[in-house]
Amino acid sequence: MHQNKAAVVVPGYAGNYRHRLAKPLVFVLALLPFLYLLWAAVFDQLGANPAEALVRATGDWSLRMLCMVLAVTPLRVLTARPALARFRRMLGLFVYFYVLLHLLSYSGFDMAFDLADIAKDIVKRPFILVGFTAFVLLTSLALTSFNRAIKTLGAKNWQRLHKSVYGVAALAILHFFWMRAGKNDFAEVAVYAVVLASLLGWRLWHYWVKTGRCSRRI
């Protein structure tokens, strides 16, 4: 009932997201940053420090994709278009894809894939530990993102597990904050923090409205 009142219908766009080419288009758009970085690496367009550029760019795109995934549900509810949920799984896997590229860039360029040194770095530096913890959580989500996993775990257990994406969002911001603390540069951190806080805050507000807790407290 609340959803229908809050819905915003955009003329001219009804049904476009259901087109059979919609998912391939979203896939290609989500892949474009990787293709650009690959092109830039091959043609030496990453600047004076290509390794740092790749580590930073893959981290930035991980955060952007995470914001996109968390934006799907608010958009679905506010526009009254349930079928938008069909893009969420694919976008979630792209989050994992860019996080994996981020981890591989760090492991390869900064640590030369030396597992012992990587393990020491994880323990020694808090922001690396936080980032690695987020990666472990995302791995569990990626491995259970398929229909068979829902049947195996059960719908309720699967939903509980996948709510850990909220924890991933918090860890991602903390990772970014600690990484930028050394340079005392928090402008981008603040932008991502506000976006993610807004998306998570909307979910909390919507839960209160949906369960009637907001009206009972008032």
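Residues numbered from 1 in each chain as written. Predicted model: local features only at pLDDT ≥ 70, side-chain atom pairs only at ≥ 80, totals over all residues. Heavy atoms only, no water.

In this section: the packing of aromatic side chains. Taken as a whole, this structure holds 11 aromatic pairs when the rule is applied. Pairing Phe94 with Phe97 gives two aromatic rings, centres 6.1 Å apart and planes at 90 degrees, and the pair type is edge-to-face. Here Phe94 and its partner Phe97 are both found in helix α4 (residues 88–110), 3 residues apart, which amounts to about one turn of the helix. Look at Phe94 and you get buried, because its relative accessible area is 6%. Taken together, the ring pairs connect Phe27, Phe34, Phe94, Phe97 and Tyr98 into an aromatic cluster. (Phe/Tyr/Trp six-rings, centres within 6.5 Å; stacked < 30°, edge-to-face > 60°. Helix = DSSP H or I, 4+ residues; strand = E, 2+ residues; numbered from the N terminus. Buried < 20%, exposed > 50% of the residue type's maximum accessible area, 1.4 Å probe, protein only.)

In this structure, Leu63, Leu66, Leu70, Val95, Leu138 and Leu196 are the most contacted members of the largest nonpolar core, which totals 35 residues. Sorting the residues of this core by element identifies α2 (22–42), α3 (50–78), α4, α6 (126–143), α9 (165–181) and α10 (187–211) as the ones contributing at least two each. Residues within four places of Leu63 in sequence aside, it is in contact with Ala172, Ile173, Phe176, Tyr192 and Leu196. Ile118, Ile122, Phe127 and Ile128 belong to the second largest nonpolar core, which has 6 residues in total. (Core = buried A, V, L, I, M, F, W, Y, C linked by side-chain atoms within 4.5 Å. Contact = heavy atoms within 4.5 Å.)

Evaluation of the coordinates by the stated rule reveals 5 salt bridges. Here Arg56 makes a salt bridge to Glu188, at a shortest N to O gap of 2.8 Å. With a gap of 132 residues between them, Arg56 in helix α3 and Glu188 in helix α10 connect regions that are remote in the sequence. Judged by its relative accessible area of 39%, Arg56 falls in the partly exposed class. We note a salt bridge from Arg180 to Glu188, for which the minimum N-O separation is 3.0 Å. The class of Glu188 is partly exposed, set by a relative accessible area of 25%. What emerges from the salt-bridge pattern is a single network uniting Arg56, Arg180, Asp185 and Glu188. (Salt bridge = Lys/Arg side-chain N within 4 Å of Asp/Glu carboxyl O.)

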